[in-house]
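# Report on the structure
Next come the chains, spelled out residue by residue.
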Amino acid sequence: MLNTNGSAVTLNIGNQVYAWDNDVGNGRWDIGTTANWTSTDNVFHDGDTVTFGDIGAGAVTVMANVSPGPVTFNNTLGSDYTFAGNSGSETLACGGELRVLSGGDVTISNGIGGVAGIMHSGSGVLTLGGSNTFTGGITVKPAATLKAGNNQAFGATTQSQVLTVESGGTLDTGGYDFDEPYGAGSIVVSGAGVDGKGAIVNYTRDNTQTFDDELLLAGDTTFGGTKRWEVRGAGVETSVDEITITKVGTGRIALVSDNRSASVAEWIVNEGIIQIENNGSLAHGEVTVNSPAELSSWGNRTVQNHIRLNGGRIFVWNDKTVTCAWRMSVDGDSTLAPNWAAKAIVVAGSLSGTNQISVGNGLVRLSGDTSGFTGAISMTEAGGILGMDGTAN
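Conventions adopted
- Residues numbered from 1 in each chain as written.
- Predicted model: local features only at pLDDT ≥ 70, side-chain atom pairs only at ≥ 80, totals over all residues.
- Heavy atoms only, no water.
- Pairing = 2+ DSSP bridges.
- Helix = DSSP H or I, 4+ residues; strand = E, 2+ residues; numbered from the N terminus.
- Axes fitted to C-alpha atoms, helices over the stretch in contact; angles between N-to-C directions.
- Buried < 20%, exposed > 50% of the residue type's maximum accessible area, 1.4 Å probe, protein only.
- Contact = heavy atoms within 4.5 Å.
- Patch = residues over 30% accessible without salt bridge, like charges linked within 9 Å, V, L, I, M, F, W, Y side chains within 5 Å.
- Areas by Shrake-Rupley, 256 points an atom, 1.4 Å probe, with all protein chains shown as cover.
- Salt bridge = Lys/Arg side-chain N within 4 Å of Asp/Glu carboxyl O.

Right, let's get into the sheet that holds strand S37 (residues 344–347). Taken in spatial order, the five strands line up as S31-S34-S37-S40-S43 in an open sheet, and their pairing is parallel. The sheet is open, and its two edges are formed by strand S31 (301–303) and strand S43 (384–388), each paired on a single side. Strand-to-strand, the axes of this sheet are offset by a mean angle of 15°, without reference to chain direction.

Right under this line is the structure:
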C-alpha cells in the first residue's frame, strides 16, 4: 500500500515470509539485526512468517523474545535443528501455528508462548524442552513423534485438551511426569505408534508419576519403550468401548490405581512388564501374557481377570501374595514365579490348558478347579513349593 504525505512516500509491504539461511554463520535469531534470513532485508522482524529448511540447519540461538507469525519446518532427515535461548529465558511467542512437515528432527529448548498451537506431521522427532505457555494445543499426526523435555512441555495448563496423538503417531514421555500440570482427559492417544513401537513410549529414564487423570485413550492403543512409566489417578480412561491395550518394548508400565474404565476388553502383553499395584488395575479385561513378557504384582493383590499364559510369566514383588481369582489358561509353556520363599501365587479360580507350568522359588498354590488342566508342572528353582487343595477330576 502507498501512503503519500506531502513529498514523502511510504511503501508499507507488511510482514514478510522469511527463510532461515544462517548466512552470517553465527546461528543468531534476533530482531532487525543479523542477516540470517532470505527475504527483502535479510533480517527478522516480529510478525514475520518464517520457515526453516535444509539450508542453515543446525544450532539456532534465540537472542531475544521473538514473536513470529506462523513457523514452518521443512528440514529433511539429517538436517536437524536445535533451538535454545541465549541466556535461557528467551521465548518464542508464535502468532500462528508452528508446523513440522518433514523428516528432520527439531529440538526447541526455550519456552514457546502465544495463542497458536503445534501441528507435527513430519517423520522426525519434535522435542519440546521449555516450560511452555502456548494455548493452541498440539496435534501429532501418523509417523510423527513428539518428545517431552519438560513436564510442562505441552503448553498452558488451563487448556481442556493439550495434546492429541492420532493413530500412527507417538508420544515419548522423555521420563517426565504430567500428573501436576494438566487436567483430566487432556492428553488423548490411540494407535500402535510409529513402526508399531508404541503410541506412548519412554526411552530416557524411569518415571514413577507419568500420568494421573490426564490420559484418555480414543481407541486400541499400544504402550511401549524401554523405561518405566506409570498410570495413576483414575487409571486407564477411554472414550470408546471395547478397546485393546498392547504392551511392547522391554520397559515396565505400572498401573498404580484401580482402573475405573470398564471399556478395556483385552490386555496383550507381548514384551516387557505390566505391573499391577491395585486389585482393579486391569479392570475386567482378558489378559494375555506372551513370551517373553511378564505380568507382575506389587503388594497383596487379587486379580479378577481371565489370564492367558502363552509362554510368559507371573512374578511377585515384596514378599506378598497375588491371587488369580477367576480363570487361568495355560496356552504355552509358562512360568509362575513367586520369586521368594515368603511370596505366593494362588490360583483360586479354574486352571485349564495342556502346556507346562514351571514353578519358581516360593509357593504356588492351586486352590481352584484344576480339572481342565492336563499339562505338566515342573519345579525349576530351589525353594519352589507346590500346594494343591483345589478340585481335580
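Summarising the element assignment, Asn-361 is placed in the loop between strand S39 (357–359) and strand S40 (362–366). Since its relative accessible area comes to 17%, Asn-361 is described here as buried. Apart from residues no more than four positions distant in its own chain, Asn-361 is found in contact with Pro-338, Asn-339, Trp-340, Ala-341, Glu-381, Ala-382, Gly-383 and Gly-384.

Together, Met-379, Leu-386 and Met-388 make up an exposed nonpolar region whose accessible area comes to about 270 Å². Relative to the helices and strands, Leu-386 resides in strand S43.

Within the secondary structure, Glu-294 is located in strand S30 (residues 294–298). Discounting chain neighbours no more than four positions away, the residues touching Glu-294 are Val-269, Gly-272, Ile-273, Ile-274, Val-289, Arg-313, Phe-315 and Trp-317.

A few words on the pairing of strand S38 (residues 350–353). Burial along S38 is one-sided: the face carrying Leu-351 and Gly-353 is buried and the face carrying Ser-350 and Ser-352 is not. Sheet topology places strand S35 (residues 327–332) next to S38; four bridges connect them, and they run parallel. Bridging from a neighbouring strand, Ser-329 pairs with Ser-352 of S38.

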